[in-house]
Amino acid sequence: AVSVFAATYTVNSTNDANDGTCDGTHCSLREAMLAANGNVGADTIGFSVSGTISPGSLFPVLTDASGVTISGGGNITLDGADTISNGIEMHPDSSSNVVKGLTLKRFSNNAILMEGSNSTLGGTGAGERNVLIDGSAGSNTLVMVNGSGMTIINNYLGVESDGSTVNGAPNGIGIGASASALTIGGDASNERNIISGNSICGIVFVSAPSGAVTVIGNYIGTDSTGASAKANGNGICTNTGLTFGAAITIGTTTAGEANLISGNTTDGINLVGTFNANVDIAGNVIGLNKDSNAALANGGDGIDLNGASCSLSVTCRIGSNTIGGNTGNGVHIRSTSSFFTLINNKIGNDGTTAYANNVGILIADTSNKITIGSTDGTLDTPNIISGNTSHGVSITAASTGSVTIAENYIGINGAANAALANGGDGVNITSSGGVTFGVASSSSTLNLIGGNTGDGIDVTSNADTIGIYSSSIGVNNATDLGNGGDGIIVQGSPTAIVTIGNGTTGQNVVSGNA
């Protein structure tokens, strides 16, 4: 008869034998999993032994709709020896599984395959962290998620139990087409995942998920202290050719929900694809250490929108992040990326001290409909684009009507009372059609552009249809914030109209420049 009551099975042997019974005389993990699958209730598998279990074949897939909790207590290692494809698998019809306190290594496909619904990987108590390491080369992903309502907390994915020694896989977490309502991380330190040491991506969207994905409170590309780099290839990335129909949240401004995305070999975040639902990248530290007081560079860009196109009907926002210290650019918008808004970010600084990217924001490759700041007519949540090695903003190619720059401090500190120079121009436009500074109808100052080593605004070459309004260039009220070059310079052979000011509204103040 099949039991309908919850049961506890205690593994008392590290061998992989199956004699058909899990009892006090002999119970292997394999036998315990088979027994739990045969019992309809919500079961628990614990261990009275410690050590390494080396399966001779795939473990039984967890099938119980009531759920199975496997709790290793931090003393059990499952070793696939590069001959077993998956470690622990959850069946698509299973639900409410919990896997915690295990080390899994050397599985050739996935250490954990999460299918079904409402299951949890990891736990917040003592001995409940999972350590997933030493994945095989090729397409291996330590955790693959293809189910709904999954939670991944307090795991080390790609580093060993010391939180520092790199022993990763090609990918840390893979997100599949059936993933929805997925939460990776949390707002407490004992919910934080360390996702580091993986050669391709820390987190990869293998397919477009069917439902929302939230990534909060994790360290991605660093050790467990947040002070040293333990690089993934990219921190977070998407596969090419995907169309997303569900919201993606990477960080929030709620306490504890910012991700630290630093120390990766290439980009912190690399997005490509079509997004028909909201994308919100908020509150993260990208390219600095956890205290935001020293560079911990991503080797490429902090955020690379590499052909990331949002629908007009959704909101794609990069907001309230600190993006500094990256070897490449703070934010790189290219390959016809469109309909993104950047607001209230610190790019190249922490508001006071410079932590240089190369260019703060680089817009290239006919990207369009990009808003740097806000057009709400105030200067209350500016981007602070200052302290970068080259230009604050560089626009090298954009389509007609493409870029709005309003509500920004460029080349000055967060208090707007001292220079925090970009090493080149504040804004450099070499090839573009349709760039608007400020708002033509506004009587308020919507950009403060000062203190830069080069010019405040430099328009040259093939630039076309530039409007410069409601900006203060070289001064903030009575405070001299002169640029090292001209306030505004139009040179070369711009192909069409450059408009500076708009009569009684949209007026600029240009003063104090060299």
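For the structure, see preceding data.
Residues numbered from 1 in each chain as written. Predicted model: local features only at pLDDT ≥ 70, side-chain atom pairs only at ≥ 80, totals over all residues. Heavy atoms only, no water.

### Observations regarding the overall build of the protein chain
Quick reminder of the rule: Only DSSP runs of H or I with at least four residues qualify as helices, and only runs of E with at least two residues qualify as strands; both kinds are numbered from the N terminus onward. For the radius of gyration, the atoms used are the C-alpha atoms, and the globule rule reads 2.2 Å times the number of residues raised to 0.38. For every residue, the accessible area obtained with a 1.4 Å probe (protein chains only) is divided by the maximum for its type, and the residue is called buried under 20%, exposed over 50%, and partly exposed between those limits. Working rule for contacts: check all heavy atoms of both residues, and any pair within 4.5 Å makes them a contact.
The helix and strand tally for the protein chain stands at one helix and 48 strands. Against the 2.2 N^0.38 benchmark of 24 Å for 514 residues, the protein chain shows a C-alpha radius of gyration of 26 Å, consistent with a compact globule. Each of the 514 residues in the protein chain was classed as buried or not, and the buried ones make up 59%. Restricting to contacts in the protein chain with at least 6 residues of sequence separation, those with at least 24 account for 81%.

### With respect to unusual backbone geometry
One non-glycine residue, R106, adopts positive backbone phi at about 60°. Within the fold, R106 resides in the loop between β6 (98-105) and β7 (110-117). A relative accessible area of 27% places R106 in the partly exposed class. In the Ramachandran plot, D365 falls in the positive-phi region, its phi being about 60° despite a non-glycine side chain. With respect to the helices and strands, the residue D365 is situated in the loop between β32 (361-363) and β33 (368-373).

### So, the side chain of D455
We count it as follows: The sign given to each residue is positive for Lys and Arg and negative for Asp and Glu; His and the chain ends receive no count. Any carboxyl oxygen of Asp or Glu within 4 Å of a side-chain nitrogen of Lys or Arg constitutes a salt bridge here. Here a polar contact is recorded for every N or O atom pair within 3.5 Å, except that within protein the pair must consist of a potential hydrogen donor and a potential acceptor, and residues adjacent in sequence are included only if both atoms are side-chain atoms.
Turning to its location among the elements, D455 is positioned in the loop between β40 (447-449) and β41 (457-459). Despite its burial, D455 pairs with no opposite charge, the nearest such side chain being R334 at 25 Å. Only 2.7 Å separates the side chain of D455 from the backbone nitrogen of D486, close enough to count as a polar contact. Once you skip the residues sitting within four places of it in the chain, D455 turns out to touch D425, G426, N483, G485, D486 and I489.

### Topic: the side chain of S337
Counting through the fold element by element, S337 comes out in the loop between β29 (331-334) and β30 (338-343). In this structure, S337 is in contact with L305, N306, G307, A308, S309, S367, N368 and I370, ignoring residues within four places of it in sequence.

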